[in-house]
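This is what each chain is made of:
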Amino acid sequence: MDITIEERIQELLKPLPSASGAVERRSCDLLLFVAIRSEHEALLRRALEMGLPVEKVHGRESEYTSLGTLGRRHVMLVRTTEGPFSYGGSASKAIHCMTETQAAGLISVGMAFGTIPSAQRAGDVLVSTGILPYDAVEVRSTRTRTAFHDYADIPRLPANDALLDECRMTADLPEWKGKVHIGLMLSGAAKIFCPEYRDRLARKCEVGRSDLIVGGEMEGVGIASASPEHTPNWIIVKAISDFADHDRDALIRESRVLACRNAVEFVFSTISRKATP
Amino acid sequence: MNAVDELFGGPDYDHPKLRAWAMRLAGGETALVQVRRPWNGITRLRPELFIEFSSPAGVFVDSAPWEPSLNNALLAQGIRAPSLTDETQRLSLALRAFFEPLARRYGDDYFNAVLLEYMRDAKMVTVEIAELEPEITTHPPHRSEHREECREDIKAVLTKAAKEQVDYLGYTRQEAVDLVIAALADYLDERFSVTSRRKLGWSPEPAGFWAHVANLAPQYPDAQRRARWTAAAADIATYLRSVGFNATAATVERELLGHSADDSSFPWTVTLDIAARRLVFVPKP
């Protein structure tokens, strides 16, 4: 009996029964990371619409969803828990899954907050040139000021240049003109509901950097831990679901589907090309 | 250009320590360079470059974080590593720097696939690479003009690397080829997390040098009959190759020095004469 795409998505979202016996070796060229159910659903939906041979498989430390070959790469999908920390968060999954699959690259796909509400809209795609792990802030005080935050020494962790070049090529396509913002992304575990804090954070972190801060998210700081700083193998591609302000949750409810769909569409468009840049 | 500049090929590259090191060399001291890359869990720490100066007055050791340009400056001065194993590690890091722009240009996954294909086509098969192969998975590279370009770029890097070993460091052609292949194996090991996977118990330990040598049992006793055998690692590698075992000199050196003492099946005690760059084999009592 034929099942619908929606039914197949629900099947794929369920955890696999425990593996019995030895787990097969898993390998791929590229890993896609998602953190929340909406991101996961959007990615599976698009993959099934494209007729990809979507199949869920056991790994040693994680479940993977194999998406078959897109463009020139064999691609697998991994879901993490939200945020960088804890077992199953983006840091531990990135280290385990990159080591297990020997993937050459990792794209974190999903939702993020925008930092320039005057020039950005919900659903716009953010592509990271790098991330700023803002939790690495120094908190200081003086005789006249207490608990002020010094962001000057926060490292800029660069994204993979080749993946970034491929994203730039997609961003130049007519259908994406004006809908993609390429720049630095703030990354940390905080959930921000305050526009003043967002602006101050972005403004202070931007000082002395050559590229603009275009948004913020939570998993990138964990994903960056899977590769040395000078040879990164990752990039963050997320679409705007909110602006980290008082209306955050309401806007996320409205824009969640659009943001996830756009991020997934942009990533699939990028990695489906066969030619190298 | 002053004498110190000349020593390192001009003032284009400067490093705070390079001038001091150049002064020592200009004063007649000899030097050996070594790279240290300790493991930290399943990853390797940042490499550090050590340089050891020797003179009648004694030995002086200095260090600096690894930089490809710093290594190039020392290479251009003909400063070798103390052993082929150390030279392999140094060259592996140099290859990483040479390959970085290619991986960026072609994409890491595509570059991986073309590199592996190139190595197979060029029959770069040694015991290290043969043992890595089952642990490495790539998919055949997409056939396009980029594939040919990428292959040419890889070939150019490997040719340059081998040529530098001969021209600057004075290794023989065979030693240089062995060094490049052994360095490639080390590079691939790191790139595909092979040792990391083994440390996690996710991949089997390799059979190892002695398992391969054991397969040569009918031929191997010829070498064992000699009471005392002094040879360069390269000579031993040549001997092993002549009996069908594709070993590099670096492998021979590392394996003989690293394992023979504990291996009761190996009848020799081996010491390395660093100055003469030769291995001395003495039968075990």
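Since the structure is predicted, the reported quantities are computational estimates derived from the model, not experimental observations.

Caption draft 1: Looking closely at the overall build of chain A. Helix and strand counts for chain A stand at 7 helices and 12 strands. By the compact-globule yardstick of 19 Å for 277 residues, chain A fits well, its C-alpha radius of gyration being 19 Å. Counting all 277 residues of chain A, 56% fall into the buried class. Looking at chain A alone, contacts between residues at least 24 apart form 79% of all its contacts between residues at least 6 apart. Roughly 11,800 Å² of accessible area belongs to chain A as shown, and the carbon and sulfur atoms make up 52% of that amount. Charge-centre separation for chain A: the mean point of 34 positive side chains lies 1 Å from the mean point of 37 negative side chains.

Caption draft 2: The interface of chain A and chain B, seen in detail. With 26 residues of chain A at the contact, the number on the chain B side is 27 residues. The junction of chain A with chain B conceals about 2,300 Å² of combined surface from both sides, 50% of it contributed by carbon and sulfur atoms. The interface formed by chain A and chain B holds 3 salt bridges in total. Asp109(B) is paired through a salt bridge with Arg72(A); the nearest N and O atoms lie 3.2 Å apart. Put simply, the parts of the chain that give the side of chain A that touches chain B at least two residues each are strand 4 (73-79), helix 3 (90-101) and helix 4 (161-171) of chain A. Ranked by residue count, the leading element in the side of chain A that touches chain B is helix 3 of chain A, at 5 residues. Here the residues of the side of chain A that touches chain B are counted per class, giving 6 nonpolar, 10 polar and 10 charged.

Caption draft 3: Quick look at helix 1 (residues 5-13) of chain A. Residues and elements named next belong to chain A. Listed in full, the buried residues belonging to helix 1 are Ile-9, Leu-12 and Leu-13. All buried residues of helix 1 project into a common sector of 100° when viewed along the axis, lining one side. Here the buried face of helix 1 lies against helix 2 (37-49), strand 2 (55-58) and strand 4.

Caption draft 4: The arrangement of the pattern of salt bridges in detail. Residue and element names in this part refer to chain A. Summed over the entire model, instances satisfying the criterion amount to 40 salt bridges over all chains. Arg-8 is the partner of Glu-11 in a salt bridge, and the nearest nitrogen-oxygen pair spans 3.1 Å. Of the two residues, Glu-11 and Arg-8 are both situated in helix 1; the distance of 3 residues between them amounts to about one turn of the helix. Its relative accessible area of 24% is what places Arg-8 among the partly exposed residues. Between Glu-63 and Lys-56 there is a salt bridge whose closest N-O contact spans 3.1 Å.

Caption draft 5: Local environment of the sheet that holds strand 1 (residues 30-36) of chain B. Residue and element names in this part refer to chain B. Read from one edge to the other, the open sheet built from 3 strands follows the order 1-4-5, with strand pairing classed as antiparallel. In this open sheet, the two edge strands, each paired with only one partner strand, are strand 1 and strand 5 (58-65). Shown here is a sheet whose adjacent strand axes are inclined to one another by a mean of 20°, direction ignored. Summarising the sheet, strand 4 (residues 48-55) and strand 5 pair through 8 bridges and their orientation is antiparallel. By the bridge assignment, Glu-48 is partnered in strand 5 with Pro-65. Along the sheet, helix 2 (residues 18-26) contacts strand 1, strand 4 and strand 5; its crossing angle with strand 4, the most-contacted strand, is approximately 25°.

Caption draft 6: Region of the structure containing the confidence of the model for chain A. Within chain A, residue pLDDT values average 92, and 96% of them lie at 70 or more. For chain A, strand 8 (residues 148-150) of chain A is the element with the lowest average pLDDT, namely 86, and strand 12 (residues 234-242) of chain A is the one with the highest, namely 98.

Caption draft 7: Region of the structure containing the environment of Ser241(A). Residues and elements named next belong to chain A. Of note, Ser-241 is situated in strand 12. The exposure class of Ser-241 is buried, given its relative accessible area of 2%. The spacing of Ser-241 and Lys-204 is 37 residues in sequence and 23 Å in space, taken between C-alpha atoms. If we ignore the near neighbours within four places in the chain, the residues touching Ser-241 are Met-111, Ala-112, Leu-251, Ile-252, Ser-255 and Ala-259.

Caption draft 8: Up close: the nonpolar core. Of all hydrophobic cores here, the largest spans 67 residues; its most connected members are Leu31(A), Leu32(A), Leu67(A) and Phe268(A). Considering each element in turn, this core owes the most residues, 9 residues, to helix 7 (residues 248-271) of chain A. In this structure, Leu32(A) is in contact with Leu43(A), Leu67(A), Val75(A), Met76(A), Leu77(A), Val78(A), Ile107(A), Val109(A), Val267(A) and Phe268(A), ignoring residues within four places of it in sequence. By size, the runner-up hydrophobic cluster in this structure holds 46 residues, among which are Leu75(B), Leu91(B), Ile181(B) and Ala237(B).

Caption draft 9: Summary view of the pairing of strand 1 of chain B. Residue and element names in this part refer to chain B. Where burial is concerned, the two faces of strand 1 differ: the one with Ala-31, Val-33 and Val-35 is buried and the one with Thr-30, Leu-32, Gln-34 and Arg-36 is not. When strand 1 meets strand 4, the two strands line up antiparallel, connected through 7 bridges. Note that in strand 4 the partner of Gln-34 across the bridge is Phe-50.

Rules used throughout
Residues numbered from 1 in each chain as written. Chains lettered and ligands numbered in written order. Predicted model: local features only at pLDDT ≥ 70, side-chain atom pairs only at ≥ 80, totals over all residues. Heavy atoms only, no water. Helix = DSSP H or I, 4+ residues; strand = E, 2+ residues; numbered from the N terminus. Rg over C-alpha atoms; globule rule 2.2 N^0.38 Å. Buried < 20%, exposed > 50% of the residue type's maximum accessible area, 1.4 Å probe, protein only. Contact = heavy atoms within 4.5 Å. Areas by Shrake-Rupley, 256 points an atom, 1.4 Å probe, with all protein chains shown as cover. Lys, Arg positive; Asp, Glu negative; His and termini not counted. Charge placed at Lys NZ, Arg CZ, Asp CG, Glu CD. Buried area = accessible area lost by both parts, 1.4 Å probe. Salt bridge = Lys/Arg side-chain N within 4 Å of Asp/Glu carboxyl O. Nonpolar A, V, L, I, M, F, W, Y, C, P; charged D, E, K, R; others polar. Arc of directions from axis to C-beta. Pairing = 2+ DSSP bridges. Axes fitted to C-alpha atoms, helices over the stretch in contact; angles between N-to-C directions. pLDDT = per-residue confidence, 0-100. Core = buried A, V, L, I, M, F, W, Y, C linked by side-chain atoms within 4.5 Å.

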